[in-house]
Amino acid sequence: QVQLVESGGGLVQPGGSLRLSCASSVDIKSIYQLGWYRQGPGNVRRPVATIRNTVGTDYAKSAEGRFTITRDNAKNTVNLQMNSLKPEDTDDYYCNAEEHYTSGSKNYWGQGNQVTVSS
């Protein structure tokens with residue numbers, strides 16, 4: 001079981017920055033993939049950025065060039081630095097951990113937090 005605790009959301013003006021953090025209860029080196037997803041009124045969680053131990057990072061097109069996902073294996077955290085924020089970035093953001101087992105895979109989620117970009 002993986003428990004994920006998020007922090008760092010809030011209200012920011014357009015052009016500003018936020019840093020989301022997610023702390024894992026287990027060694028993140030044992031987790032196949034970590035990431036940040038966004039969810040809007042449609043109740044669909046879409047990946048914003050993901051990171052693995054060896055493959056590297058992937059970003060949603062809307063996040064490229066503005067967001068950076070990083071991991072700190074010593075602290076068991078994954079972070080999302082969000083720069084040059086736009087109103088369309090407003091959403092609920094969820095930390096994700098995807099674990100792979102011999103029997104299959106399983107996704108774990110943080111509690112979610114609101115990111116609001118507004119003047």
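To start, this report covers the structure provided alongside it. (Residues numbered from 1 in each chain as written. Predicted model: local features only at pLDDT ≥ 70, side-chain atom pairs only at ≥ 80, totals over all residues. Heavy atoms only, no water.)

Next up on the list: the overall build of the protein chain. Assigned secondary structure in the protein chain consists of zero helices and eleven strands. Overall, the protein chain shows an N-to-C arrangement of helices and strands of β-β-β-β-β-β-β-β-β-β-β. In terms of overall size, the protein chain behaves like a compact globule, its C-alpha atoms giving a radius of gyration of 14 Å where 119 residues would be expected to give roughly 14 Å. Summarising its shape, the C-alpha atoms of the protein chain cover approximately 50 × 30 × 25 Å along the three principal directions. For the protein chain, the proportion of its 119 residues judged to be buried stands at 41%. Pairs at least 24 apart in sequence give 55% of the contacts found in the protein chain among residues at least 6 apart. About 6,300 Å² of surface is accessible on the protein chain, with carbon and sulfur atoms providing 47% of the total. Considering the protein chain, the positive charge centre built from 12 side chains and the negative charge centre built from 11 side chains are found 2 Å apart. (Helix = DSSP H or I, 4+ residues; strand = E, 2+ residues; numbered from the N terminus. Rg over C-alpha atoms; globule rule 2.2 N^0.38 Å. Buried < 20%, exposed > 50% of the residue type's maximum accessible area, 1.4 Å probe, protein only. Contact = heavy atoms within 4.5 Å. Areas by Shrake-Rupley, 256 points an atom, 1.4 Å probe, with all protein chains shown as cover. Lys, Arg positive; Asp, Glu negative; His and termini not counted. Charge placed at Lys NZ, Arg CZ, Asp CG, Glu CD.)

Side chains of strand 11 (residues 113–117) alternate between two faces, with Asn113, Val115 and Val117 buried and Gln114 and Thr116 left unburied. By the bridge criterion, three bridges tie strand 2 (residues 10–12) to strand 11 in an arrangement that is parallel. What sits directly across from Leu11, in strand 11, is Thr116. In terms of strand pairing, strand 9 (residues 91–101) meets strand 11 through three bridges, oriented antiparallel. Within the sheet, the bridge partner assigned to Tyr93 lies in strand 11 and is Asn113. (Pairing = 2+ DSSP bridges.)

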